[in-house]
Amino acid sequence: MSRVHVVGAGLAGLAAALALSEDPAREVVLHEATARAGGRCWSFHDAALDRLIDNGNHLVLSGNETVFDHCRRIGAADLLDIAPRAELPFTDLSTGAHWALRLPLSLRDLLTGGLRLPPGTALSLGPDTARLMRARPGATVAQAIPGRGPAWTRIWEPLSLAVLNAPPDRAAAAPLAEVLRRTVLRGGAACRPVTMPRGLGPTLIDPALATLARRGIRPHYRHPLTGLTAQAGRAETLRFGNDEIALAPGDAAVLALPPEALSRLLDLPAPGPGQSILNAHFRVDPALAASLPPLTGLISSLSHWLFRRDDVLSVTVSAADSLTGPAPDRAALTARIWAEIARATGADAPPIAARLIRARAATADASPEGRATRPDPHPYPNLALAGDWLAGPLPETIEGALISGRAAARALTG
Ligand SMILES: Cc1cc2nc3c(=O)[nH]c(=O)nc-3n(C[C@H](O)[C@H](O)[C@H](O)COP(=O)(O)OP(=O)(O)OC[C@H]3O[C@@H](n4cnc5c(N)ncnc54)[C@H](O)[C@@H]3O)c2cc1C
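A quick note: this is a predicted structure, and the numbers were derived from the prediction, not measured.

Tell me about the layout of surface pockets, residues and numbers included.
Quantified by volume, the second largest pocket comes out at close to 640 Å³. Counting only elements with at least two residues in the lining of the second largest pocket, the list comes to strand 4 (51-54), strand 6 (81-82), strand 7 (86-92), strand 9 (193-195), strand 16 (305-309) and strand 17 (312-317). Considered class by class, the residues forming the lining of the second largest pocket number 16 nonpolar, five polar and ten charged.

Okay, structure coming up:
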């Protein structure tokens with residue numbers, strides 16, 4: 001294959017371009033609609049906070065093997081911070097109760113008290129997990145797990161929101177089961193939280209761009225794909241505004257695009273939009289920040305997760321459509337979220353600065369029906385599709401985006 005056009009410089013497109021460019025005989029051309037790479041995974045300097053922040057808090061687990069491999073290949077493995085234990089502390093804001101979910105790292109760890117479960121969940125957790133694993137195709141999380149006791153509010157609801165950005169009565173059971181298979185069911189060693197203290201962009205994106213640049217590949221920014229023609233069972237031309245590129249015999253393309261962009265370009269089925277994710281970032285007194293763990297789960301609150309990086313506390317609210325509406329009252333929402341954080345952390349002074357970011361349609365429709373509309377990721381021999389939403393059984397995650405980009409490269413190169 002002489003030349004491959006990769007369209008979309010999010011993580012899936014970058015992973016495809018990295019894999020394809022391992023063969024120096026192949027020319028890789030990378031096109032991106034916007035003025036930057038990273039798509040839904042990026043960092044920027046926020047003037048209000050005067051800090052580098054991520055567009056949204058991203059949690060990765062040590063079982064996300066492709067994330068580690070990606071970082072190794074771009075020389076960024078040292079930038080991943082792996083927690084020493086597979087442990088997440090939780091606070092219930094309605095009662096003030098604290099507990100931890102901790103999985104043992106070894107048999108010895110299990111025998112010496114390394115397993116901790118939220119109160120009231122020990123009896124139902126095993127049967128619930130077995131039911132989730134056996135859920136019929138097309139079931140939601142709520143249909144797969146019948147119980148509505150403490151395990152529901154303390155484990156399944158938060159997991160469904162965190163992993164699928166959808167409440168359990170909407171979220172498909174199958175991708176949650178797949179995540180558990182790749183993490184929890186492999187034991188604590190695959191469940192250690194991984195954070196990126198320098199930020200998503202400096203860890204996952206900038207070193208990928210630098211690696212591509214060393215291979216002579218620089219993204220063509222502000223170069224959106226606006227049309228594609230196919231004939232005789234192969235993709236024939238790519239149109240970028242007034243530029244038309246003919247795919248010569250032996251040329252190919254990877255479209256690493258979000259579903260709505262793909263369905264605009266090709267007559268293929270694609271899931272509709274899922275919900276927004278809200279992130280509130282607060283710059284606080286460094287002494288307060290230093291007293292907090294890097295990550296805390298929050299229950300019975302608007303806020304779902306509290307991340308701490310240096311002196312910035314960042315809150316994630318998943319599946320946030322009902323809160324934000326078309327024109328959210330940003331000041332009121334920020335104040336509500338801070339009131340919860342002040343309660344959870346004991347902060348007695350207001351934040352030094354705050355910033356609210358709404359990621360609209362942060363993920364695609366995660367319902368069983370939405371996922372059923374995903375197209376064949378290899379529609380023509382010289383065209384492959386990539387993107388987190390096409391990552392086989394996985395939900396839309398960094399891991400899924402990287403896996404799908406690599407799979408698209410493999411589909412074209414054999
Ligand atoms: C707020 C938020 C929180 C998240 N939290 C987590 C988390 O905790 N853990 C986790 O693993 N994942 C998380 N995710 C998901 C993760 O960010 C995504 O799965 C991943 O970034 C998707 O990468 P992608 O390349 O598939 O898609 P995208 O990042 O959407 O990339 C698509 C690219 O295509 C470009 N494009 C679009 N149309 C065109 C066109 N016509 N021509 C050329 N280019 C085009 C876009 O500009 C973009 O750069 C989160 C996402 C958000 C938004």
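Tell me about helix 4 (residues 122-133), residues and numbers included.
Think of an α-helix as turning once every 3.6 residues; residues three or four places apart then point the same way. Taking 1.5 Å per residue as the helical rise, helix 4 with its twelve residues ought to reach 16 Å, and the 18 Å between its terminal C-alpha atoms agrees with that figure. Buried within helix 4 are the following residues: Leu125, Asp128, Thr129 and Leu132. Angular distribution of buried residues about the axis of helix 4 spans 100°; they occupy a single face of the element.

Give a detailed account of the sheet that holds strand 13 (residues 252-256), specifying residues and quantitative values.
Spatially, the four strands line up as an open sheet ordered 2-1-13-19, and their pairing is parallel. The strands lining the two open edges of the sheet, one partner per strand, are strand 2 (27-31) and strand 19 (383-386). Strand-to-strand twist in this sheet, taken as the mean axis angle between neighbours without regard to direction, amounts to 15°. Sheet topology note: the strand 13/strand 19 ladder contains four bridges and is parallel. The residue of strand 19 that forms the bridge with Ala256 is Ala386. Contacts between helix 1 (residues 11-20) and the sheet are confined to strand 1 (3-7), strand 2, strand 13 and strand 19, with strand 1 contributing the most and set at about 165° to the helix. Packing of helix 14 (residues 398-413) onto the sheet brings it into contact with strand 1, strand 13 and strand 19, and relative to strand 19 it is tilted by some 170°.

Can you lay out the pattern of salt bridges for me, pointing to particular residues and giving the numbers?
According to the stated counting rule, one finds 21 salt bridges in the structure shown. Of the charged contacts in the structure, one is a salt bridge between Arg283 and Asp311, with a shortest N-O distance of 3.7 Å. Here Asp311 lies in the loop between strand 16 and strand 17 and Arg283 lies in strand 14 (residues 277-283), a separation of 28 residues in the sequence. Overlapping salt bridges bring together Glu22, Asp69, Arg72, Arg73 and Arg406 as one network.

With reference to specific residues and values, describe the nonpolar core.
The biggest cluster of nonpolar side chains holds 43 residues, and the ones touching the most others in it are Val6, Leu11, Leu14, Leu204, Val254 and Ile398. Elements with a contribution of two residues or more to this core: strand 1, helix 1, strand 2, helix 2 (65-73), helix 8 (200-214), strand 13, strand 19 and helix 14. Ranked by residues supplied to this core, first place goes to helix 1 with eight residues. Formed by 22 residues, the second largest nonpolar core is a distinct cluster that contains Ala151, Ala171, Leu180 and Ala391.

Break down the domain arrangement of the protein chain for me, with residues and values.
Annotation of the protein chain at the domain level lists domain 1 (3-42 + 200-273 + 365-413) and domain 2 (118-191). Relative placement of domain 1 and domain 2: their C-alpha centres are 31 Å apart. Summing both partners gives a buried area of about 880 Å² for domain 1 against domain 2, and 67% of it is carried by carbon and sulfur. By the criterion of area lost to domain 2, the three top residues of domain 1 are Ala366, Pro368 and Pro395, representing 48% of everything that side buries. Our count for the contact surface shared by domain 1 and domain 2 stands at one salt bridge. Asp365 is the salt-bridge partner of Arg170, the closest N and O atoms lying 3.2 Å from each other. Run the count over domain 1 and domain 2 and you get two residue pairs in polar contact (both at pLDDT 80 or more). A breakdown of the residues in the side of domain 1 that touches domain 2 according to their chemical character gives six nonpolar, one polar and three charged.

About the criteria used
- Residues numbered from 1 in each chain as written.
- Predicted model: local features only at pLDDT ≥ 70, side-chain atom pairs only at ≥ 80, totals over all residues.
- Heavy atoms only, no water.
- 1 Å grid on protein atoms, 1.4 Å probe; cavity = no way out; pocket = protein on both sides within 12 Å on 5 of 7 lines; lining within 4 Å.
- Points joined across faces, edges and corners; volume = space filled by probe spheres on them.
- Helix = DSSP H or I, 4+ residues; strand = E, 2+ residues; numbered from the N terminus.
- Nonpolar A, V, L, I, M, F, W, Y, C, P; charged D, E, K, R; others polar.
- Expected span 1.5 Å × (residues − 1).
- Buried < 20%, exposed > 50% of the residue type's maximum accessible area, 1.4 Å probe, protein only.
- Arc of directions from axis to C-beta.
- Pairing = 2+ DSSP bridges.
- Axes fitted to C-alpha atoms, helices over the stretch in contact; angles between N-to-C directions.
- Contact = heavy atoms within 4.5 Å.
- Salt bridge = Lys/Arg side-chain N within 4 Å of Asp/Glu carboxyl O.
- Core = buried A, V, L, I, M, F, W, Y, C linked by side-chain atoms within 4.5 Å.
- Domains from an automatic or database assignment.
- Buried area = accessible area lost by both parts, 1.4 Å probe.
- Polar contact = N/O pair within 3.5 Å; in protein donor to acceptor, adjacent residues only side chain to side chain.

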